[in-house]
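# Geometric and topological summary
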Amino acid sequence: MTLTLAGAVAAAAPATPAAAAPGMIPIGLANKIVLERSGGLAGEQTAFVVDRGTVGGRPALRMAGSVRFLRLRPAYQPKHPCCDRYAYRITVTYRTGLHKSVSTVQGTKAPRILWDTIEQAERYGVRPFAPR
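Residue numbering note: each chain is counted from 1, following its sequence as written. At least 70 in pLDDT is required for a residue's local features to be given in this predicted model, at least 80 for side-chain atom pairs to be given and counted, and no such filter applies to totals for whole chains, interfaces and linings, which use all residues. Neither water nor hydrogens contribute to the side-chain values; these are computed over all heavy atoms in the structure.

Moving on: the pairing of strand S5 (residues 99–105). Only protein chains enter the calculation, and the probe is 1.4 Å; a residue is then buried if its accessible area is under 20% of its type maximum, exposed if over 50%, and partly exposed in between. The secondary structure listing takes helices from DSSP runs of H or I that are at least 4 residues long and strands from runs of E that are at least 2 residues long, numbered from the N terminus. With respect to burial, S5 is a largely interior element, five of its seven residues being buried. At least two DSSP bridges between two strands are needed for those strands to be called paired. With two bridges joining them, strand S3 (residues 75–76) and S5 adopt parallel strand pairing. Following the sheet pairing, Tyr-76 is matched in S5 by Thr-104. Here seven bridges tie strand S4 (residues 86–94) to S5, and the two strands are oriented antiparallel to one another. Note that in S5 the partner of Thr-93 across the bridge is His-99. Count of turn residues in the S4/S5 antiparallel hairpin: four residues, of which Gly-97 carries a positive phi of about 95 degrees.

Pasting the structure below:
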């Protein structure tokens, strides 16, 4: 009876929202990465998508689900904006339904985990569309 009552109390207790702190999202539960890239010499705009079915995409999903990625700030911008560089916005969706987005510009000083995840998404991501 005690176990049944304890289970009922635990089931009725409200869940702590996962958005309360980055560490609350279980490590390795990145479901999808959408990398938007714009700019460069030609002013191109394109996107890359990595999900659990993407061939070669598992390392990018593992990086995006790591504590190091979850600790990233929302943006890393250059001190002096300049021309002909790519701008990136990476949005990760987790199995919990939460999202994390980080923006940066090519050549900006940012943690290695961000650049590694961007590089993997560009290399293995599917290009479902190229927005105009």
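Anyway, onward from the coordinates.
The subject of this paragraph is the packing of aromatic side chains. Centre distance and the angle of the planes are the two values used to describe a pair of aromatic rings. Pairing of aromatic rings covers Phe, Tyr and Trp, the last counted by its six-membered ring, and requires centre-to-centre distances within 6.5 Å; plane angles under 30 degrees mean stacked, over 60 mean edge-to-face, and any other angle means tilted. For the structure shown, the criterion picks out two aromatic pairs. Residues Tyr-86 and Tyr-88 carry aromatic rings whose centres are separated by 6.2 Å and whose planes lie at 50 degrees to one another, so their mutual orientation is tilted. The class for Tyr-88 is buried, based on a relative accessible area of 8%. Each ring, one from Tyr-88 and one from Trp-115, has its centre 6.0 Å from the other, and the planes form 85 degrees; the classification is edge-to-face. Of this pair, Tyr-88 sits in strand S4 while Trp-115 sits in helix H4 (residues 112–124); the two residues are 27 residues apart in sequence, bridging distant segments of the chain. Both residues of the pair, Tyr-88 and Trp-115, belong to the buried class. Taken together, the ring pairs connect Tyr-86, Tyr-88 and Trp-115 into an aromatic cluster. Its end group placed over the ring of Tyr-86, Arg-37 keeps NZ or CZ at 4.7 Å from the ring centre. Distance and angle both matter: a charge sits over a ring if NZ of Lys or CZ of Arg is within 6 Å of the ring centre and within 35 degrees of the ring normal.

What follows concerns the nonpolar core. Core analysis: the biggest nonpolar cluster contains 24 residues, and Ile-33, Phe-69, Ile-90 and Leu-114 have the highest contact counts within it. Elements with a minimum of two residues in this core: strand S1 (30–39), strand S2 (44–51), helix H2 (58–64), helix H3 (67–70), S4 and H4. Considering every element that reaches this core, the biggest residue donor is H4, with five residues. Whether two residues are in contact is decided by their heavy atoms: any pair within 4.5 Å suffices. Among residues more than four places away in sequence, those in contact with Phe-69 are Met-63, Ala-64, Ile-90, Val-92, Tyr-94, Lys-100, Val-102, Ile-113, Leu-114 and Thr-117. In these notes, a set of buried Ala, Val, Leu, Ile, Met, Phe, Trp, Tyr and Cys residues joined through side-chain atoms within 4.5 Å is what counts as a nonpolar core.

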